[in-house]
Amino acid sequence: MKNKVIAIGLDAGDPVLIEKWMSQGYLKNLQRLKQQGAYGRLTNMNYYKAETPWTTFLTGCLPEKTGYWAPFKFYEGTYNAEDVQAYDFAEYSPFYALGNDYRVAVFDMPQSALSETANGPQILAWGAHSPQTPSHSLPKSLLSNVNNSYGKHPALHRDHGDWWDETYLTRLRKTLKAGIEKRVSICRDWLQQERWDLFLTIFGETHSAGHDFWYLSQPDHPLYSYKRGDIAASDPMLEIFEEVDGAIGKILADVPDDTHLVVFAAHGSGNNTTDVSSMCLLPEFLYRFNFPGKVMMAPGKVGTPVPPMVLFPKRKTWTGEIWQRKYDPNPVKAFLRSQLPTKFHQYLDRIFGAPKEDLISPEELRKQGHPIFWQPTMWYSPFWPKMKAFAIPSFSEGYIRINLEGREPSGIVSADEYDALCEELTQELHQLKNPRTGEFVVKKVVRTREDVGDRNPKLPDADLVVIWAEEPADVVDHPKFGRIGPVPYRRTGSHRGRGFLTVVGPGIEAGSSLPEGHGVDLPATILNLMGVPIPEYMDGKPLVETLVPSLTK
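Not measured: the values here are computed from a predicted model.

Participant: I tried to follow the packing of aromatic side chains on my own but got confused; where do I start?
Facilitator: Ring pairs (aromatic) are described by centroid distance and by the angle formed between their planes. Applying the stated criterion across every chain yields a total of 34 aromatic pairs. Ring geometry for F57 against F95: centres 5.3 Å apart, planes inclined by 80 degrees, an arrangement best described as edge-to-face. Taken together, the residues span a long stretch of sequence, with F57 in helix α3 (residues 53-59) and F95 in the loop between β4 (81-83) and β5 (104-107) at a distance of 38 residues. Look at F95 and you get buried, because its relative accessible area is 3%. A centroid spacing of 5.4 Å and a plane angle of 90 degrees characterise the contact between W163 and W164, whose relative ring orientation is edge-to-face. An aromatic cluster is built from W54, F57, F95, Y96 and F264, whose rings are joined through pairwise contacts. Above the plane of the ring of Y39 lies K34, whose end atom (NZ or CZ) is 4.7 Å from the centre. Over the ring of F203 we find R183; its NZ or CZ atom is 5.4 Å from the centre of that ring.

Written out as structure tokens, the structure reads:
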């Protein structure tokens, strides 16, 4: 027997934040759904937590099974990391690819792929945050028809900016609200066209708002006390969540009572403790670890008063701000570098001389067409062949690759040295402190391989994963390798491995609680609500067991 399901996701909708706002009288539709149905918290990956949740949701498989850990891929046998975008779904299809027996409509699912075996309309990258897939549709003409009828999402690929750019933040608030309004019209019209077996859409606006508006909303962020400008007079993140809450109410207003409603978040958000630490501080720490006595970026002296936070960046981008902090032993050249636009730095090298060994500039990487030119991890790539360990690109935790003999082209760490090096790095990383608070900044270092000889291609590219403490840091001290920073903060909100699930419909007890589940349980839960057999390969289980007996195939 088929059951109709409407599933609405809030991308990076944090349960702690949402529950707080519901208790304060905001988010009335989410609160009403929670009261009418069953609600529970979800956990998710403890690391690679920004990169994996949507693939886990789409396939019902953990990354150990799919081999997909991130949209960045470090290619074994090279010293290059590239942008590979979404999982290819060659081995495991999206869970909604159910063939001709089920009518499915998928609108703006991030990090997915068009599926020929999903029976119904699909539009990807209409307005999703970081969709990691092209803007396209099945049928092919559908996307252009939707854009002509409702308009494009004004924030698509334009929701990446910096916290100090008030013009950007003001524009983002406006475009996110406009996108939400368009999304409501599209979803309502699709739902009126047909009673789908599954209708699935994701609000990417909550993701965008969490990244850029977090410090304007949450008092425990270090920058909260320094917010300024007209946008600081309100709480734009709460505004966006309220807009999404209202949109959910409008989308579901005319849904038949026999429909099961699933509202969820596969992962959450919190203070950003990862961007600066993983993308900037970690690669510089590893450079100093490998070349004792040398520095490349943001030098400082341990034991001296900590300079104030960078509150008035001069550059248009975070990448530009970090590049200005590249060390130069010539004080005149260093001063001119800090004052002149990046495009003039080449002339400084001609006048004062270029270093014999240097970072590769983001401008040079951009000219080469490298998609990750903006991330400082890549600037150290000329040194990777000479380093025992180096940082590779990340959207969340710190990722360290060991330069292993027989695996890397110029590997300098033997298999016999591997364990000792991993242990040494772990011990040194645990000595990093935030001099503003006196607290250690590393919570845990995870080894991803039990054996140095394990070459399973489905393992992460990183040998070590650095999980940072919960307090943001713009500067760190190390007893051997000195001070790094301060540097400007980047995005003020980042991800957490937690989510939520609300289920409303026939057979669901009002006000009931669901057992704590995992993000990988979401597709099995939706399939079970639909009455669809759950594939045996899925790692998840249905969280609403009492409604439909669990089926497998």
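Participant: So what exactly am I meant to see when it comes to the sheet that holds strand β17 (residues 464-468) here?
Facilitator: Adjacent strands of a sheet pair through backbone hydrogen bonds, lying either parallel or antiparallel. Ordered in space as β12-β13-β17-β16, the four strands form an open sheet in which the pairing is antiparallel. For this open sheet the edge positions go to β12 (389-392) and β16 (442-447), each flanked by a neighbour on one side alone. On average, adjacent strands in this sheet sit at an angle of 25 degrees to one another, irrespective of strand direction.

Participant: Would you mind showing me how to read the pattern of salt bridges here?
Facilitator: Pairing between side chains becomes possible if they bear opposite charge and their charged atoms approach one another. Applying the stated criterion across every chain yields a total of 35 salt bridges. The partner of K49 in a salt bridge is E397, with the nearest N and O atoms 2.4 Å apart. Of this pair, K49 sits in the loop between β2 (38-43) and α3 while E397 sits in the loop between β12 and β13 (398-402); the two residues are 348 residues apart in sequence, bridging distant segments of the chain. We classify E397 as buried; its relative accessible area is 0%. For D463, the salt bridge identified is with R407, shortest N-O distance 2.7 Å. Of this pair, D463 sits in the loop between β16 and β17 while R407 sits in the loop between β13 and α15 (415-429), and the two are 56 residues apart along the sequence. Across the pair, R407 and D463 agree in class, each one buried.

Participant: Help me understand a nonpolar patch on the surface in this model?
Facilitator: A cluster of nonpolar side chains, contributed by V332, I351 and F352, occupies part of the molecular surface with about 290 Å² of accessible area. Mapped onto the secondary structure, F352 falls in helix α12 (residues 345-352). Given a relative accessible area of 34%, F352 falls into the partly exposed group.

Participant: So what exactly am I meant to see when it comes to unusual backbone geometry here?
Facilitator: Leave glycine aside and you will find that most residues have negative phi; peptide bonds, for their part, are mostly trans. Cis rather than trans, the peptide bond between L138 and P139 has omega equal to -5 degrees. For P139, the location among the structural elements is in the loop between β7 (136-138) and α5 (142-150). Put simply, G485 and P486 share a cis peptide bond, and its omega is 5 degrees. Positive phi, close to 55 degrees, is recorded for Q111, a residue that is not glycine. If you trace the backbone, Q111 turns up in the loop between β5 and β6 (122-124).

Participant: Hey, could you run me through the layout of surface pockets in this one?
Facilitator: Using a probe with the size of a water molecule, rolled over the atoms, empty space left in the structure can be pinpointed. Taken as a whole, the largest pocket holds about 1,000 Å³ of empty space. In this structure, the largest pocket is lined by 44 residues; those nearest its centre are H160, P371, W374, F395 and R490. Of all elements in the fold, only α7 (205-217), α10 (318-323) and α13 (362-367) reach the threshold of two or more residues within the lining of the largest pocket. Among the elements that line the lining of the largest pocket, the one with the most residues is α10, at four residues. Classifying every residue of the lining of the largest pocket by side-chain character gives 15 nonpolar, 17 polar and twelve charged.

Participant: How should I be thinking about helix α9 (residues 275-290) in this particular structure?
Facilitator: Taking 1.5 Å per residue, 16 residues should reach 22 Å; α9 reaches 22 Å between its end C-alpha atoms and fits that length. L281 marks where α9 bends most, by close to 40 degrees; the proline P283 follows one to four residues later.

Participant: How should the pairing of strand β21 (residues 498-504) be read in this particular structure?
Facilitator: In regular strands, side chains alternate between the two faces of the sheet. Counting buried positions over the seven residues of β21 gives six, a clear majority of the element. Summarising the sheet, β2 and β21 pair through six bridges and their orientation is antiparallel. The residue of β21 that forms the bridge with G40 is L501. As paired elements, strand β9 (residues 260-265) and β21 share five bridges and run antiparallel to each other. Following the sheet pairing, V262 is matched in β21 by V503.

Participant: When you look at the side chain of T206 in this model, what are you seeing that I'm missing?
Facilitator: Assignment of secondary structure puts T206 in helix α7. Of note is the side chain of T206, whose polar atom sits 2.7 Å from the backbone oxygen of D11. A distance of 3.1 Å separates a polar side-chain atom of T206 from the backbone oxygen of F203. Excluding its chain neighbours within four sequence positions, the residues that come into contact with T206 are L10, D11, F241 and V244.

Criteria and thresholds
Residues numbered from 1 in each chain as written. Predicted model: local features only at pLDDT ≥ 70, side-chain atom pairs only at ≥ 80, totals over all residues. Heavy atoms only, no water. Phe/Tyr/Trp six-rings, centres within 6.5 Å; stacked < 30°, edge-to-face > 60°. Helix = DSSP H or I, 4+ residues; strand = E, 2+ residues; numbered from the N terminus. Buried < 20%, exposed > 50% of the residue type's maximum accessible area, 1.4 Å probe, protein only. Lys NZ or Arg CZ within 6 Å of the ring centre and 35° of its normal. Pairing = 2+ DSSP bridges. Axes fitted to C-alpha atoms, helices over the stretch in contact; angles between N-to-C directions. Salt bridge = Lys/Arg side-chain N within 4 Å of Asp/Glu carboxyl O. Patch = residues over 30% accessible without salt bridge, like charges linked within 9 Å, V, L, I, M, F, W, Y side chains within 5 Å. Areas by Shrake-Rupley, 256 points an atom, 1.4 Å probe, with all protein chains shown as cover. 1 Å grid on protein atoms, 1.4 Å probe; cavity = no way out; pocket = protein on both sides within 12 Å on 5 of 7 lines; lining within 4 Å. Points joined across faces, edges and corners; volume = space filled by probe spheres on them. Nonpolar A, V, L, I, M, F, W, Y, C, P; charged D, E, K, R; others polar. Expected span 1.5 Å × (residues − 1). Bend = angle between axes of the 7 residues up to and from the residue. Polar contact = N/O pair within 3.5 Å; in protein donor to acceptor, adjacent residues only side chain to side chain. Contact = heavy atoms within 4.5 Å.

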